Amino acid sequence: MMKAIEYLLSIDLNYIAIGLIAVFFTLEHLLSTQFSFTDRGKHFWNSFLFQIVFLIGNIFWAIAFVFCIEWLNQKEIGLFFLIEIPVWLKLILGVMLLDLATYWFHRISHLVPLIWRFHRVHHSDTTMDSSSYFRSHPIEVLFWFGSAPILMSAIFGFDLLTIGMYFLVATPFLVIEHSNLSFPSWLDKTIGLVFTTPNLHKIHQDQYYTDSNFADIFILWDRIFGTFKYKPAEEVKLGLVEFDEPKKQTFWYLIRSPFINIEKIEKERKENY
C-alpha cells in the first residue's frame, strides 16, 4: 500500500491535473453541460496562461517550501512528534486537517480586502469549465494558500509525504468541481453530506452565495462552521457582475486586476433572485 502511495506521489501533480482536465474538457464537448457558452478555446487559453505563470513562480517557491517543511521536521516541531500513531492514520488526519486549514485560509481570503483582490480572479469567471481550475492568481496560490501547509506543519508536524497525499487527494476534487458537466442532485444529498460535490462548489461561484461552501474536499467544515448554503444547480449564476465584460475576462486584464480599483457590484445581481 505504501509503495503504491509513494509511486503516486512521485508523479508530478501538474501532470495529473492536466491529464484530468484533458479528460473532462473532452467530456464537456461530448456530454450535456450545465452551462453553455461560446469561445471555449479562448476561455481555455486565458485560463491556461495562469498555469504557465504559476509553474515559473513555483520553481522558486517549491525550493523555499521544501526547505521550510524539512527544517520543521528536523527540529521535530509539531504535535505528531509528541505522539506515536500509525502512518495510515497520520495520512488520513493530515488530509483532513490540511483541508480544514485551506477552508479557513479560503474563508479569510473573502474577508480581507487585500487578499480578496487576488482571490476574486478565480471568482470572476462567468463561464466556468474544467480549465477554470487553472484560473487563480499565482501570487495568491503561491504565497497565501501555499503558506497553509507550512503553518499546519509547524502545528502538527506534517512531513512532505503527508502534504503530498493531501494534494494528491485534493487535485481530482478541484478539477471535477469546476467541470461544466451536469451532475444529479442526489449526489448533493448523499455524498454531499460529507464531501464537496461539483454542484455544491458551483454555489460558491455564484455571486449571491460567494461567502459559502468554502471547502475543497470536506463540505463537512462548512456544515460545522455555518457557511453551508444550497440552491438547485440550474439556478446558479456564475461569476462577478463587475467582471461581466469580454475584456475583463482576458488573462492580461485579470493578472493586473488585483492592482486595479474595481468597485464591487452587488445590487444588479441580487435583483435577479
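Data block above holds the structure.
(A) Representation of the overall build of the chain. Scanning the chain from N- to C-terminus turns up 13 helices and zero strands. Secondary structure elements of the chain occur, N-terminal to C-terminal, as α-α-α-α-α-α-α-α-α-α-α-α-α. Taken over C-alpha atoms, the radius of gyration comes to 19 Å for the chain, in line with the 19 Å a tight globule of 273 residues would show. Seen along its three principal axes, the alpha-carbon backbone of the chain occupies a region of about 55 × 40 × 35 Å. Here the chain holds 273 residues, and the buried ones make up 48% of them. Within the chain, counting contacts between residues at least 6 apart in sequence, those at least 24 apart form 75% of the total. With the model as given, the accessible surface of the chain reaches about 13800 Å², and the carbon-plus-sulfur share is 68%.

(B) Looking closely at helix H2 (residues 13-30). Given a rise of 1.5 Å per residue, 18 residues ought to cover 26 Å, and the 26 Å separating the end C-alpha atoms of H2 matches this to within 8%. All of the buried residues along H2 are Asn14, Ala17, Ile21, Phe24, Phe25 and Glu28. Mapping the buried residues of H2 onto a view down its axis gives an arc of 110°, with all of them on the same face. Among the exposed residues of H2, those pointing more than 90 degrees away from its buried face are Tyr15 and Leu30. On its buried side, H2 packs onto helix H3 (40-74) and helix H8 (160-178).

(C) Structural detail: a nonpolar patch on the surface. A cluster of nonpolar residues, Trp104, Ile108, Leu111, Val112, Leu114, Ile224 and Phe225, forms a patch on the protein surface that exposes about 640 Å² of accessible area. Looking at the nonpolar patch, the elements that each hand over two or more residues are helix H4 (87-111) and helix H11 (220-225). With three residues, the single largest contributor to the nonpolar patch is H4. By relative accessible area, leucine 111 is classed as exposed at 62%.

So, how was this worked out
- Residues numbered from 1 in each chain as written.
- Predicted model: local features only at pLDDT ≥ 70, side-chain atom pairs only at ≥ 80, totals over all residues.
- Heavy atoms only, no water.
- Helix = DSSP H or I, 4+ residues; strand = E, 2+ residues; numbered from the N terminus.
- Rg over C-alpha atoms; globule rule 2.2 N^0.38 Å.
- Buried < 20%, exposed > 50% of the residue type's maximum accessible area, 1.4 Å probe, protein only.
- Contact = heavy atoms within 4.5 Å.
- Areas by Shrake-Rupley, 256 points an atom, 1.4 Å probe, with all protein chains shown as cover.
- Expected span 1.5 Å × (residues − 1).
- Arc of directions from axis to C-beta.
- Patch = residues over 30% accessible without salt bridge, like charges linked within 9 Å, V, L, I, M, F, W, Y side chains within 5 Å.
- Salt bridge = Lys/Arg side-chain N within 4 Å of Asp/Glu carboxyl O.

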